Amino acid sequence: DGNELTEIKDYINENVKSNEQSDLFGIAKGKNVIFISVESFQSFVINNELYGEEVTPFLNELIKEDSSLYFENFYNQVAQGRTSDSEFLVENSLYPLPSGAVFFTNAQNEYNAMPEILGDYGYYSSVLHANNKSFWNRDIMYKNLGYDYFYGEEAFEVTEENSIGWGLKDKPLFEQSMKYLQSMEQPFYTKFITLTNHFPFELDEEDATIERYDSNSNTLNNYFQTIRYTDEAIKQFFDQLKASGLYEDSIIVIMGDHFGISENHNQAMSQYLGKEITPYEQTQLQRVPFIINIPGYDGGKVISDIAGQIDVKPTLLNLLGIQPQNNLGFGIDLLGKQKEDFVAFRNGEFVSDDYVYSSGTCYDRQTGEALESQSDVSTQEKPSNVCGPIKKQVEKELSYSDEIIYGDLFRFYNFENK
Ligand code: GP9
């Protein structure tokens, strides 16, 4: 009957939310939000080189700008629902499910998602993604999350020349989207989901502007070329936004959705990074870029605090000066006074300020040194058991999030708060 909600709300107030407002609250009030979800974009390529050439030259410049906030220790938290899980995390500040994709299993639930909240503040919301609308059950789920419109594959001119792999290439995606953006009611919240940097990372020869890598993994070898292409596509999009005049009235958010190079390619990855891929490094490889570009802002910086996709919703809403009453989630405003000090992964592993818990081992986050074995972690009494208490809280938090979804608890919550 929804009584579980009281316990969950208490937990969130005590452990997750901080009541102090960030200095940046409302700095982007009334601005359009252009959110670019970049397929399989991992942080290891940022500020990195291949054969002496920057892999992502445009984004490397962008994060240095005074108008940009870049989170260098931001982790993806997806599970089996991959891109759809990252969308779910972003829109709801809830965790994806332990198995299956919540976009399929609980698409009929009540939610209190970002498009719906922004709608109450006069925003028009849409998604631009050149794939079949029913992929990941998006057509159903988007309506339920409060999106006003979904520009799917049929909204774009897709030809043999302008597509590869999964469909329309990123450059024509942005190019063809300009007409939609220019005629859109403002302020708008618009999400782009790119496709070119999708496994197996195919690219036409004429689009390649960086060499392939040379290792035993074709996947990793190709990856540098497709992510460079996407970097160029985003650069071109910024130019078009500036030329159209939309740039000044918008904030642009760029986020990687999940990893592209799985652990099957660790040998090649280890060759590229020049270090062994331990479980600690494997977790560090779950970092994805998160960039917020705020035209006109001049306090840009690189933020090293740990962060995750669960934190996107409260962070963006705060920048927009929106503090909805009716809000229940497990993320924090990354620009505010922090409270929760771990990033939880769906399998119960986590990163905290001081530790990384991966494959049953607790590591020192700064040095990567292994501190305890799994058996130590589960024995609460040991004084050396530093990961154990955090692990317990992570499990509790994940199960609260599951309770909300499995019990469709927003039915009661929205009712209470109306
Ligand atoms: C498909 C695209 C890719 O529309 O979002 O999804 P993924 O395979 O990365 O989950």
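The preceding data block contains the structure.
These numbers come from a predicted model, not from an experiment.

Cut-offs applied
- Residues numbered from 1 in each chain as written.
- Predicted model: local features only at pLDDT ≥ 70, side-chain atom pairs only at ≥ 80, totals over all residues.
- Heavy atoms only, no water.
- Helix = DSSP H or I, 4+ residues; strand = E, 2+ residues; numbered from the N terminus.
- Rg over C-alpha atoms; globule rule 2.2 N^0.38 Å.
- Contact = heavy atoms within 4.5 Å.
- Areas by Shrake-Rupley, 256 points an atom, 1.4 Å probe, with all protein chains shown as cover.
- Lys, Arg positive; Asp, Glu negative; His and termini not counted.
- Charge placed at Lys NZ, Arg CZ, Asp CG, Glu CD.
- Salt bridge = Lys/Arg side-chain N within 4 Å of Asp/Glu carboxyl O.
- Buried < 20%, exposed > 50% of the residue type's maximum accessible area, 1.4 Å probe, protein only.
- Axes fitted to C-alpha atoms, helices over the stretch in contact; angles between N-to-C directions.
- Parallel < 35°, antiparallel > 145°, perpendicular 65-115°, else oblique.
- Left-handed = near helix turned anticlockwise from the far one by under 90°.
- Pairing = 2+ DSSP bridges.
- Near = heavy atom within 4 Å.
- Polar contact = N/O pair within 3.5 Å; in protein donor to acceptor, adjacent residues only side chain to side chain.
- Nonpolar A, V, L, I, M, F, W, Y, C, P; charged D, E, K, R; others polar.
- Disulfide = S-S within 2.5 Å.
- Phe/Tyr/Trp six-rings, centres within 6.5 Å; stacked < 30°, edge-to-face > 60°.
- Lys NZ or Arg CZ within 6 Å of the ring centre and 35° of its normal.
- Patch = residues over 30% accessible without salt bridge, like charges linked within 9 Å, V, L, I, M, F, W, Y side chains within 5 Å.
- Core = buried A, V, L, I, M, F, W, Y, C linked by side-chain atoms within 4.5 Å.

Novice: Report on the overall build of the protein, specifying residues and quantitative values.
Specialist: Scanning the protein from terminus to terminus reveals 14 helices and 19 strands. The globule rule puts the C-alpha radius of gyration for 418 residues at 22 Å, and the 21 Å found for the protein is close to it. Across its three principal axes, the protein shows a C-alpha extent of roughly 60 × 55 × 40 Å. Residue pairs in contact within the protein that sit at least 24 positions apart in sequence constitute 74% of those at least 6 positions apart. With the model as given, the accessible surface of the protein reaches about 16700 Å², and the carbon-plus-sulfur share is 44%. Averaged over its 31 positive side-chain charges, the protein has a centre that lies 3 Å from the centre of its 67 negative ones.

Novice: How would you sum up the pattern of salt bridges? Please name residues and give values.
Specialist: Summed over all chains, the structure comprises 13 salt bridges. For D207, the salt bridge is made with K169, and the minimal N-O distance between the two is 2.7 Å. Taken together, the positions of D207 in the loop between strand 10 (188-193) and helix 8 (218-244) and K169 in the loop between strand 9 (167-168) and helix 7 (170-182) put the pair 38 residues apart, joining distant regions of the chain. Since its relative accessible area comes to 5%, K169 is described here as buried. A salt bridge links K391 to E395; the shortest N-O distance between them is 3.5 Å. Here K391 pairs with E395, and both are found in helix 13 (residues 388-406), just 4 residues apart, close to one helical turn. E395 gets classed as partly exposed once you look at its relative accessible area, which sits at 40%. Each member of the salt-bridge network shares a partner with another, and the members are E87, E91, R138 and K191.

Novice: Can you lay out helix 2 (residues 57-64) for me, pointing to particular residues and giving the numbers?
Specialist: Along helix 2, the residues that are buried comprise F58, L59, N60, L62 and I63. On the buried face of helix 2, the contacting elements are strand 3 (53-54), strand 4 (68-71), helix 8, strand 11 (250-256) and strand 12 (290-293).

Novice: Could you give an account of the packing of helix 1 (residues 4-16) against helix 13, naming the residues involved and the relevant values?
Specialist: For any two helices packed against each other, the geometry is given by the interaxial angle and the distance between the axes. Two elements in contact, helix 1 and helix 13, have axes whose closest approach is 11 Å; the angle formed by their N-to-C orientations is 140°. Relative to helix 13, helix 1 is oriented oblique. Judged by the sense of rotation from one axis to the other, the crossing of helix 1 with helix 13 is left-handed. Residues E4, E7, I8, Y11, N15 and V16 of helix 1 form the contact with helix 13, whose own contacting residues are Q393, K396, E397, Y400, E403 and I404.

Novice: Got a sec to walk through the sheet that holds strand 7 (residues 149-151)? Specific residues and values, please.
Specialist: Strand order in the open sheet formed by 8 strands is 7-6-10-1-11-12-4-13, with mixed pairing between adjacent strands. Edge positions in the open sheet fall to strand 7 and strand 13 (301-303), since each of these has one partner strand only. Sheet twist, expressed as the mean angle between neighbouring strand axes with direction ignored, is 15°. Taken together, the 3 bridges between strand 6 (residues 124-128) and strand 7 define a ladder with parallel strand orientation. From the neighbouring strand, V127 faces strand 7, where its bridge partner is F150. Across the sheet, helix 2 touches strand 4, strand 11 and strand 12, and the angle it forms with strand 12 is around 60°. Of the strands in this sheet, strand 1 (32-38), strand 6, strand 7 and strand 10 touch helix 7, which is tilted by about 165° from strand 10.

Novice: Can you tell me about the site of the ligand, naming the residues and giving the values?
Specialist: Around the ligand, the surrounding shell consists of E39, R82, T83, H129, N131, F135, W136, R138, W166, I193, H198 and H258. In this structure, R138 approaches the ligand through a side-chain N or O atom, which is 2.7 Å from an oxygen atom. Between an oxygen atom of the ligand and a side-chain N or O atom of H258, the distance comes to 2.9 Å. Protein coverage of the free-state accessible area of the ligand, which is 310 Å², stands at 100%. Looking at the shell around the ligand residue by residue, the class counts come to 4 nonpolar, 5 polar and 3 charged.

Novice: Before we move on, could you go through the state of the cysteines and cite the residues and values that matter?
Specialist: Disulfide: a covalent bond formed between the sulfur atoms of two cysteine residues. For the coordinates displayed, the defined rule picks out 1 disulfide. Note that C362 is cross-linked by a disulfide to C387, the S-S spacing being 2.0 Å. Residues C362 and C387 share a disulfide whose torsion about the S-S bond is about 75°; that sign makes it right-handed. Here C387 lies in the loop between helix 12 (374-378) and helix 13 and C362 lies in strand 18 (residues 361-364), a separation of 25 residues in the sequence.

Novice: Tell me about the packing of aromatic side chains, residues and numbers included.
Specialist: Taken as a whole, this structure holds 34 aromatic pairs when the rule is applied. Considering the side-chain rings of F103 and Y142, the 6.3 Å spacing of their centres and the 85° angle between planes classify their relative orientation as edge-to-face. Taken as a pair, F103 in helix 4 (residues 102-105) and Y142 in helix 6 (residues 138-145) lie far apart in primary sequence, 39 residues in all. Here the aromatic cluster, defined as three or more aromatic residues joined through ring pairs, consists of F44, Y51, F199, F201, Y213, Y223, F224 and Y272. Its end group placed over the ring of Y180, K179 keeps NZ or CZ at 4.7 Å from the ring centre. Residue placement shows K242 over the ring face of Y247; its charged tip is 4.9 Å from the ring centre.

Novice: Any chance you could break down a negative patch on the surface for me, citing the residues and the numbers?
Specialist: On the surface, E4, E7, D10, E14 and E403 cluster together into a patch of negative charge. If one sorts the elements of the negative patch by residue count, helix 1 sits on top with 4 residues. Locating E7 in the fold gives a position in helix 1.

Novice: So what's going on with the nonpolar core? Which residues, and what values?
Specialist: The tendency in soluble globular proteins is for nonpolar side chains to be buried side by side. Within the largest apolar cluster, 76 residues are counted, with the highest numbers of intra-cluster contacts made by L69, F71, Y189, F290, I292 and F330. The leading source of residues in this core is helix 13, at 6 residues. Once you skip the residues sitting within four places of it in the chain, I292 turns out to touch S67, S68, L69, F71, I252, V253, T315, L316 and L319.

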